[in-house]
Amino acid sequence: MLKIRYTYLFIILSLTLILSLLLNLSLGQVAIPIKEVFKSLSGSSASKETWEYIIINFRLPKAITAILVGIGLSTSGLLMQTMFRNPLAGPYVLGLSSGSSLGVAFVILGAGILPVALSEILLSSYGIVLASCLGSLLVLLLVITVSQRLRDTATILIVGLMFGSFTSAIVSVLTYFSTAEQLQKFTFWSLGSIGNLAWSSIGLLAVSVSIGLMMSLYSIKSLDALLLGENYAKSMGLNVKKSRFIIMIATSILAGSITAFAGPIAFVGLAVPHLSKLLFQTSNHKILFWSTLLIGAIIMLLCDTISQMPGFDFTLPINAITSIVGAPVVIWLLIRKRSLV
């Protein structure tokens, strides 16, 4: 009976994902009939050239980015919640988001003290992505170096939070000495954006997310064992240190690459794993991995559709929408399951 129930749920989620994608491509400042979206996606030209141009050059890259972001953040959130056995852990608990913010802050807020030629290179879209990756990588290396000396997973969580607080403090100092123009640019980056990526950038993001997902798939048995505690995992013959290291690297690749290309996106990685567990009523990571992946993609597509504000002439920041959707979900979970904390 459970297998049949899971099969039905996966079919429903798959159909919902397809519907969410079509709605995302159809709705926006310019409404395009779903029939015309089908035409464009199937290789035929839409009735109007402007519709074809909007779908292929603007909405389709954004929709693919939304799917990759949703998949990556929700999967990394599942990894962190299982590894730390903490339902309130998210993809950024290791301080990766703060590290990325620090790298971008150095480039945007500190551009005035750099030579003009160098600052122009660094302030380009790829320069900001590189700075974000380096900042995230620096924090990851520090956390991994410290974690090699620690046996307790909870202590690694605290170390990650401390590194996050430290880098956030440096960003605060940089913002204090910045101009209004620099602050505005940094604020726009911190609000997150999935609509400004070229196909080459989407390709790089897809490769990064694929690598992170493959490492996550490899860790599924380890996650099931770690869920019952490290002592149980050791008694089952699991190399806890090695498994922990692989899970941390997978999370870092997923969360770090997404933050680099799309900025810090809040709440998706925290809320989606809980939605998956509530829907499927299981702790089996073979099922949770795929369900979290699908729900994450659906949530991000729906949030992006809302942020496009169909019928209006403006677009809301994606980070604001994910927080508006995600925060009530987390509050509801806390009320529904008092045992969470």
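Scroll up for the structure.
Quantities reported herein were computed from a predicted structural model and do not represent experimental measurements.

**Q** Would you take a moment to explain the overall build of the chain for this structure?
**A** On a plain count of helices and strands, the chain comes out with 15 helices and zero strands. Projecting the C-alpha coordinates of the chain onto the three principal axes gives extents of approximately 65 × 60 × 35 Å. Looking at the chain as a whole, 51% of its 341 residues are labelled buried. Sequence separation of at least 24 residues holds for 76% of the intrachain contacts in the chain that already meet a minimum separation of 6. Accessible surface for the chain amounts to roughly 16600 Å². Of this, 70% is attributable to carbon and sulfur atoms. Computed over 21 positive and 10 negative side-chain charges, the inter-centroid distance for the chain is 18 Å.

**Q** Looking at this model, I keep getting lost on the nonpolar core. Mind explaining?
**A** Among soluble globular proteins, nonpolar side chains are generally buried collectively. Residues V69, I71, L205, V209, L213, I265 and M300 are the most contacted members of the largest nonpolar core, which totals 48 residues. Looking at this core, the elements that each hand over two or more residues are helix 1 (2-26), helix 3 (49-83), helix 9 (199-218), helix 12 (240-262), helix 13 (268-280), helix 14 (285-307) and helix 15 (318-336). For this core, the leading source of residues is helix 3, giving 11 residues. Sequence-distant contacts of L213, defined by excluding residues within four places in its chain, comprise I71, T75, L254, F289 and L293. Judged by nonpolar contacts, the second largest core, of 26 residues, contains V93, V139, A225 and L226.

**Q** What exactly am I supposed to notice about the packing of helix 13 against helix 14 here?
**A** What describes two packed helices is the angle between their axes and the distance between those same axes. One can describe the packing of helix 13 onto helix 14 by two numbers: an axis separation of 9 Å at closest approach and a directional angle of 125 degrees. When the axes of helix 13 and helix 14 are compared, the pair comes out oblique. The two elements helix 13 and helix 14 meet at a crossing, and its hand is right-handed. Two secondary-structure elements touch here, helix 13 through V268, V272, P273, L275, S276, K277, L279 and F280 and helix 14 through I287, L288, S291, T292, I295, G296, I299 and M300. Tallied by class, the residues present in the contact of helix 13 with helix 14 amount to 11 nonpolar, four polar and one charged.

**Q** What is the right way to look at the packing of helix 3 against helix 9 in this model?
**A** Running from N to C, helix 3 and helix 9 point in directions that differ by 25 degrees, and their axes come no closer than 10 Å. For the element pair helix 3 / helix 9, the angle class is roughly parallel. For the pair helix 3 and helix 9, the sense of crossing is left-handed. For the pair formed by helix 3 and helix 9, the contact residues are I56, L60, P61, I64, T65, L68, I71, T75 and L79 on the first element and W199, I202, L205, A206, V209, L213 and S216 on the second.

**Q** Before we go on, may I ask you to explain the packing of aromatic side chains in this structure?
**A** Both the distance between ring centres and the angle between the ring planes are used here to describe each pair of aromatic rings. What the rule picks out here adds up to five aromatic pairs. Here the aromatic rings of F10 and F280 are separated by 4.9 Å at their centres, their planes lie at 45 degrees, and the arrangement is tilted. Of this pair, F10 sits in helix 1 while F280 sits in helix 13, and the two are 270 residues apart along the sequence. Every member of this aromatic cluster is reached through a ring pair, and the members are Y6, F10 and F280.

**Q** Sorry, what's going on with helix 3 here?
**A** In an α-helix there are 3.6 residues to a turn, and that puts residues three or four apart on one side. The end-to-end C-alpha separation of helix 3 is 50 Å, in line with the 51 Å expected for 35 residues at 1.5 Å each. Of all the bends in helix 3, the largest measures some 40 degrees and sits at R59, one to four residues before the proline P61. For helix 3, the tally of buried residues reaches 27 of 35 residues, placing the bulk of the element in the interior.

**Q** Any chance you could explain the pattern of salt bridges here in plain terms?
**A** Pairs can form between side chains of opposite charge once their charged atoms are near each other. Within this structure, the stated rule accounts for one salt bridge. For D304, the salt bridge identified is with K62, shortest N-O distance 3.2 Å. Note that D304 is positioned in helix 14 and K62 in helix 3, a separation of 242 residues in sequence. Of the two residues examined, D304 and K62, each falls in the buried class.

What counts, and at which threshold
- Residues numbered from 1 in each chain as written.
- Predicted model: local features only at pLDDT ≥ 70, side-chain atom pairs only at ≥ 80, totals over all residues.
- Heavy atoms only, no water.
- Helix = DSSP H or I, 4+ residues; strand = E, 2+ residues; numbered from the N terminus.
- Buried < 20%, exposed > 50% of the residue type's maximum accessible area, 1.4 Å probe, protein only.
- Contact = heavy atoms within 4.5 Å.
- Areas by Shrake-Rupley, 256 points an atom, 1.4 Å probe, with all protein chains shown as cover.
- Lys, Arg positive; Asp, Glu negative; His and termini not counted.
- Charge placed at Lys NZ, Arg CZ, Asp CG, Glu CD.
- Core = buried A, V, L, I, M, F, W, Y, C linked by side-chain atoms within 4.5 Å.
- Axes fitted to C-alpha atoms, helices over the stretch in contact; angles between N-to-C directions.
- Parallel < 35°, antiparallel > 145°, perpendicular 65-115°, else oblique.
- Left-handed = near helix turned anticlockwise from the far one by under 90°.
- Nonpolar A, V, L, I, M, F, W, Y, C, P; charged D, E, K, R; others polar.
- Phe/Tyr/Trp six-rings, centres within 6.5 Å; stacked < 30°, edge-to-face > 60°.
- Expected span 1.5 Å × (residues − 1).
- Bend = angle between axes of the 7 residues up to and from the residue.
- Salt bridge = Lys/Arg side-chain N within 4 Å of Asp/Glu carboxyl O.

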